Structure formats: C-alpha cells, structure tokens
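# Structural features, examined
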Amino acid sequence: MAYNQDDDPNEGPVVVRRPVYDAGMKLEDEVKAGASGPAFENAREKVHECHAAGDAAGAAWWEEIFKFLMWRECVAAGTETIILEEGETYDYDKEEVIRAGTNQPRSDKDYR
C-alpha cells in the first residue's frame with residue numbers, strides 16, 4: 001500500500017514503495033513538461049484503461065500510484081515522504097523504517 005489509510009491526510013509521513021514513487025514522479029515530470037494533468041488524474045485514467053483491457057495487475061499498479069499521488073496532494077506542505085526500498089516496511093507506531101530481512105531500523109536515529 002502506498003499510504004496508511006487510517007491516518008488523517010493532514011498528518012504524515014507519506015510512505016511509498018520506491019517503484020511507485022519513481023512512477024509517480026515520472027508522471028509529475030510529464031505534467032511539468034506540458035502533458036495534461038494533474039498527475040494523479042493521469043494515474044487514475046491509467047487505472048480505468050487497465051480495467052477496460054482486463055489487466056487486473058496493471059490496474060492494481062496504477063491504483064497504487066494514484067493513491068500515492070492523491071495522498072501527497074492531500075497532506076500539508078512540507079510533510080515528509082519516506083521511500084521504502086525493496087523489502088523494507090514502515091512501523092507507524094515507532095515511526096521507523098524496518099530494513100529488509102531484519103527487525104532493525106534503517107537508521108541510527110535515537111527512538112526514546
């Protein structure tokens with residue numbers, strides 16, 4: 001999932017998997033370069049196109065990108081975006097990234 005849907009959209013952070021983040025940023029760059037937009041609408045169109053073509057996996061992929069871009073639009077300016085690398089997870093209670101294959105946080109941050 002691209003975000004924790006239980007959180008208030010005015011809170012953060014925005015947590016997203018790396019491939020979803022990269023695809024979302026590519027859509028935003030396309031809009032900045034002159035493509036119609038906003039980027040989240042373009043992602044939603046791709047979801048509908050995949051549904052119409054019977055491509056469930058493609059629809060799920062573009063829906064995750066759509067949700068990420070919409071979540072990003074809804075949070076307050078300056079809200080942190082945490083990009084998860086392959087296999088990483090985010091612990092919302094401890095507010096830390098858990099590295100792939102471990103129970104250890106990604107950074108040496110002191111969690112008092």
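Below or above, wherever it landed, is the structure these notes cover. (Residues numbered from 1 in each chain as written. Predicted model: local features only at pLDDT ≥ 70, side-chain atom pairs only at ≥ 80, totals over all residues. Heavy atoms only, no water.)

## Some details on the nonpolar core
This is how it is decided: For the purposes of this section, nonpolar cores are sets of buried Ala, Val, Leu, Ile, Met, Phe, Trp, Tyr and Cys residues that join through side-chain atoms within 4.5 Å. Classification of residues uses two cut-offs on accessible area relative to the type maximum, computed with a 1.4 Å probe and protein chains only: under 20% is buried, over 50% is exposed, and between them is partly exposed. Only DSSP runs of H or I with at least four residues qualify as helices, and only runs of E with at least two residues qualify as strands; both kinds are numbered from the N terminus onward. The contact rule is simple, with two residues in contact once any of their heavy atoms fall within 4.5 Å.
Core analysis: the biggest nonpolar cluster contains 20 residues, and Leu27, Ala43, Trp62, Ile65, Phe68 and Leu69 have the highest contact counts within it. When contributions to this core are tallied by element, the ones reaching two or more residues are β1 (14-17), α1 (18-32), α2 (39-52) and α3 (56-74). The greatest single-element share of this core, amounting to seven residues, is contributed by α3. Those residues in contact with Ala43 that sit more than four places away from it in its chain are Leu27, Trp62, Ile65, Phe66 and Leu69. Within the second largest apolar cluster, five residues are counted, among which are Val15, Ile82, Leu84 and Tyr90.

## Details of the packing of aromatic side chains
The description of an aromatic ring pair uses the distance of the two centres, along with the angle that the planes make with each other. How we decide: Planes of paired rings set the category: under 30 degrees apart is stacked, over 60 is edge-to-face and the rest tilted, where pairs are Phe, Tyr or Trp rings (Trp by its six-membered ring) whose centres lie within 6.5 Å. Counting as a charge over the ring demands two things of the Lys NZ or Arg CZ atom: a distance within 6 Å of the ring centre and an angle within 35 degrees of the ring normal.
A full pass over the atoms with the stated rule returns three aromatic pairs. Pairing Tyr21 with Phe68 gives two aromatic rings, centres 5.9 Å apart and planes at 55°, and the pair type is tilted. One end of the pair, Tyr21, is in helix α1; the other, Phe68, is in helix α3, with 47 residues separating them in the sequence. With relative accessibility at 0%, the residue Phe68 sits in the buried group. Each ring, one from Tyr90 and one from Tyr92, has its centre 4.9 Å from the other, and the planes form 80°; the classification is edge-to-face. Assessed through its relative accessible area of 28%, Tyr92 is described here as partly exposed. For the cation-ring pair, Lys46 lies above Trp62, with the distance from its terminal atom to the ring centre recorded as 5.0 Å.

## With respect to the packing of α1 against α3
Here is the rule: Think of each axis as a best-fit line through the C-alpha atoms, taken over the contacting stretch in the case of a helix, with angles from 0 to 180 degrees between the N-to-C directions. With respect to orientation, any angle under 35 degrees is reported as roughly parallel, any angle over 145 as roughly antiparallel, any angle of 65 to 115 as roughly perpendicular, and every other angle as oblique. Handedness of a helix crossing follows the sense of rotation of the near helix relative to the far helix, less than a right angle counterclockwise being left-handed and clockwise being right-handed. Gly is placed with the polar residues, together with every amino acid not listed as nonpolar (Ala, Val, Leu, Ile, Met, Phe, Trp, Tyr, Cys and Pro) or charged (Asp, Glu, Lys and Arg).
One way to put it is that α1 packs onto α3 with a least axis distance of 9 Å and a crossing angle of 70°. Classed by the angle they form, the pair α1 and α3 counts as roughly perpendicular. Of the two elements, α1 crosses α3, and the hand of that crossing is right-handed. Two secondary-structure elements touch here, α1 through Pro19, Val20, Tyr21, Ala23, Gly24, Met25, Leu27 and Glu28 and α3 through Trp61, Trp62, Glu64, Ile65, Phe68, Leu69 and Arg72. Of the residues assigned to the contact of α1 with α3, the class counts are eleven nonpolar, one polar and three charged.

## Things to note about the pattern of salt bridges
Note the threshold: What makes a salt bridge here is a side-chain nitrogen of Lys or Arg within 4 Å of a carboxyl oxygen of Asp or Glu, nothing more.
For the coordinates displayed, the defined rule picks out six salt bridges. Its salt-bridge partner being Asp22, residue Arg18 comes within 3.5 Å of it at the nearest N-O pair. Remark: Asp22 and Arg18 occur in helix α1; sequence separation between them is four residues, near one turn of the helix. Between Arg72 and Glu28 there is a salt bridge, with its nearest N and O atoms 2.8 Å apart. One end of the pair, Arg72, is in helix α3; the other, Glu28, is in helix α1, and 44 residues separate them in sequence. A single salt-bridge network, built from bridges that share partners, covers Arg18, Asp22 and Glu85.

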